[in-house]
Protein chains: 2
Amino acid sequence: MLKNDVFLKALLRQPTPYTPVWIMRQAGRYLPEYNTTRARAGSFLDLCKNPDLATEVTLQPLARFPLDAAILFSDILTIPDAMGLGLYFAEGEGPKLERPLRNEWEVRNLTAPDPTEHLGYVLDAVAQIKRSLAGAVPLIGFSGSPFTLACYMVEGGGSDDFRHIKGMLYRRPDLLHRILDVTTTAVIQYLNAQIEAGAQAVMVFDTWGGTLSAAAYQEFSLAYLARIAAGLTRHAAGRRVPSIVFTKGGGLWLEAIASAGYDAIGLDWTIDIAQARTRVGAQVALQGNMDPAVLFGSPEAVEQEVGRILAAYGPGSGHVFNLGHGISRFTDPENVAVMVQAVHQFSRPTT
Amino acid sequence: MLKNDVFLKALLRQPTPYTPVWIMRQAGRYLPEYNTTRARAGSFLDLCKNPDLATEVTLQPLARFPLDAAILFSDILTIPDAMGLGLYFAEGEGPKLERPLRNEWEVRNLTAPDPTEHLGYVLDAVAQIKRSLAGAVPLIGFSGSPFTLACYMVEGGGSDDFRHIKGMLYRRPDLLHRILDVTTTAVIQYLNAQIEAGAQAVMVFDTWGGTLSAAAYQEFSLAYLARIAAGLTRHAAGRRVPSIVFTKGGGLWLEAIASAGYDAIGLDWTIDIAQARTRVGAQVALQGNMDPAVLFGSPEAVEQEVGRILAAYGPGSGHVFNLGHGISRFTDPENVAVMVQAVHQFSRPTT
């Protein structure tokens, strides 16, 4: 059924003919065709909530580049939106929530949304993308991590100091634990619903966990990531459904992250992947980790960095090539083509 | 002459009666008296360039809290300004440079400014602060790191993707090396002039080195930091002048940083200081590393975190307590008082 399962095999550290590659935010603003569809949709949120258009943009990068996986086009804040916090996008400002959690009663009233009832548009998109892919490559489902979602839910948007959520953490840790507890339940149900709808792998994005102290990360992010791993559906449609966890800025805590129960760890570009592999051993696969800014460089520099990272990982399976963060809107798609080709070419055994 | 040399001794890993403490950006907007002086000065830049006012704000936090060091009040971008790039502050936007380096000829024409000729106002401030301190505590001089200064010089201001400087790094590394080379010479001359004017310790702030890949950090930041360490005046006024290097987000590279030739390493809050101490051994002292956001918490949480960090560092000298990044303008000064007192009290041997 699945014509290309190299990505799924690599996540499970099974032998593969080459190193698979996909790109975080691969359906995005660096692609002119994406911008055309988005203009047609109206807003970013309209695009996310329309399964036809979400399917269209999910497939766009696969038409251009021989990528080894597709990822559901959606927003990280669908869960808080389904919880009733009111997601919206202020022009040029990133996502915002109309009703951030600041008071005890708001926290006490928080409940996990039923995915079928409140997030049906996401599940519809998963099913439709899956049909459209027709087994070409696996489809990745995803969610934000509880701590990352809680950052938005408490701050009401992005932040450079996280003073509301960290103020809560160091003043009323009980309230933050309550938010994380409810959100963890929601994430498990949401990811399992995506798996039921057809997702063949899942990834949890812990974008902001790396802003915590080592001690606070364990208590307020990793503990909940581990609960999610334990609650995930592990087999669907006769296949194992691998899981990936990505804490941006989590390189110092790799050993702990590797013990959280996921099949693979996403790495940002600040860690040497050779050292990362030594530290985690055969416990998990690794995904990453080229600096997205390398794609602002020359095609020769892109090839050189791809070669350096593949060589640093070394022989043997268990590596999925990716950037260390989402691709920038200012990227030249030509350099993406160079990167994808270099990954495939350099990683095939020379015979 | 110096009534309190606990800070200098700790940097050199000599025995001290307690753990010394100072705070990055301790003269800043969280203090009402600072805001009053700043309003009187006109702009932030006027404040930096007026030795009387720079002295006044440098001393303000020392009048409130029993801190163990003073740090020169100045801006990180005085060197690019002296190079003719035109420093200014856009309202609510942070520092900007009018003429960022984008073309080859601009890079070729770059020269290191003579500190006496072009940065006299900083040296005057150092001398005046030193006189006003009257030996109460040591005075720290500082500079931005070559890579951090180059980020501003190429981007023209702050950035969240550093696409201009990283584009240069991955397209024309020769040009970036030329910028870093000239800037390194400038930083050495600038810090040595501060030492000659009276600074008793110096610190290099590598705010943006942590945004590089492990390999690029070594080549484009750490190599130049090591050249600075080798070029610093090591003794002045009959005393050793200790040096501190701080790469925010550099926790993964501690061993390499410890070998760069500085007496102490600044740590951000993402690393467990016990692990950091194990990794660097007796090679360097450590400075840090409480999350500035802990100060948004309750006084009890502040005390608890201070206790946790002191206990994690453990017995023996070589620890200077500090935050892991500059103090936030939204901090309640009452919590700063709690922190400073807790550091002193908890670190004194109980007899």
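About the thresholds
- Residues numbered from 1 in each chain as written.
- Chains lettered and ligands numbered in written order.
- Predicted model: local features only at pLDDT ≥ 70, side-chain atom pairs only at ≥ 80, totals over all residues.
- Contact = placed C-beta atoms within 7 Å.
- Helix = DSSP H or I, 4+ residues; strand = E, 2+ residues; numbered from the N terminus.
- Pairing = 2+ DSSP bridges.
- Buried ≥ 20, exposed ≤ 12 C-beta atoms within 10 Å, placed from the backbone.
- Least-squares fit on C-alpha atoms with pLDDT ≥ 70 in both.
- pLDDT = per-residue confidence, 0-100.
- Arc of directions from axis to C-beta.

Visitor: It is not clear to me how the interface of chain A and chain B should be interpreted in this structure. Could you clarify?
Guide: How large an interface is tends to be reported as the accessible area lost when its parts come together. Every contact between the two is made by 28 residues of chain A and, on the other side, 28 residues of chain B. Contributions of two or more residues to the side of chain A that touches chain B are made by α10 (163-169), α12 (214-231) and α15 (299-313) of chain A. The dominant element in the side of chain A that touches chain B, judged by the number of residues it contributes, is α10(A), at three residues.

Visitor: Can you help me understand the pairing of strand β2 (residues 87-90) of chain A in this one?
Guide: Within a regular beta strand, the side chains point alternately toward one face of the sheet and then the other, so they alternate between its two faces. All names here are of chain A. As paired strands, β2 and strand β3 (residues 94-97) are joined by four bridges and run antiparallel to one another. Paired with Phe-89 across the strands is Pro-95, a residue of β3. Linking two consecutive strands that pair antiparallel, namely β2 and β3, is a turn of three residues; a positive phi of about 70° is found at Gly-92 within it.

Visitor: Sorry, what's going on with unusual backbone geometry here?
Guide: For residues other than glycine, phi is negative in most cases, and the peptide bonds are mostly trans. Residue and element names in this part refer to chain A. Following Gly-288, the chain continues into Asn-289 via a peptide bond in cis, with omega recorded as 0°. Secondary-structure assignment places Asn-289 in strand β10 (residues 285-290). A positive phi is found at Ala-134, a non-glycine position, where the angle reads about 50°. With respect to the element layout, Ala-134 can be found in the loop between α8 (120-133) and β4 (139-144). Residue classification places Ala-134 among the exposed residues on the basis of 8 C-beta atoms within 10 Å.

Visitor: Explain the relation of the copies chain A and chain B to me, please; I cannot follow it from the model alone.
Guide: Superposition of the two copies of the chain requires a rotation about an axis and a shift along the axis. Once chain A is rotated about the relating axis by 180° and shifted along it by 0.0 Å, it coincides with chain B to within an RMSD of 0.0 Å. Taken together, the rotation and translation describe the operation of a two-fold axis. Among all residues of chain A, the one whose C-alpha sits closest to the rotation axis is Leu252(A), at a distance of 3.0 Å. Here 100% of the contact residues of chain A are again contact residues in chain B; the copies associate through an equivalent surface.

Visitor: For this particular structure, what's the right way to read the confidence of the model for chain A?
Guide: Detailed reading of predicted coordinates is not advised where the pLDDT is low. Of all residues in chain A, 100% have pLDDT values of 70 or greater, and the mean over the chain is 96. Interface confidence for the predicted complex, given as ipTM, is 0.94, next to a pTM of 0.96.

Visitor: What is the right way to look at helix α14 (residues 273-280) of chain A in this model?
Guide: Residues spaced three or four apart along an α-helix point in a common direction, a consequence of the helix completing one turn every 3.6 residues. All names here are of chain A. Along α14, the residues classified as buried are Ile-273, Ala-276, Arg-277 and Val-280. The buried side chains of α14 occupy one side of the element, clustering within an arc of 100° when seen end-on. Among the structural elements, α13 (254-258), β9 (264-266), β10 and α15 are those in contact with the buried residues of α14. Following α14 by one or two positions, Gly-281 adopts a phi angle in the positive range, close to 60°.

Visitor: What am I meant to see in the sheet that holds β10(A) here?
Guide: Consider a sheet: its strands pair through backbone hydrogen bonds, and that pairing is either parallel or antiparallel. Residue and element names in this part refer to chain A. One open sheet accounts for seven strands, arranged β1-β4-β5-β8-β9-β10-β11; its pairing is parallel. Edge positions in the sheet fall to β1 (70-71) and β11 (319-323), since each has one partner strand and no second. When β10 meets β11, the two strands line up parallel, connected through five bridges. Residue pairing for β11: Asn-289 is matched across the bridge by Asn-322.

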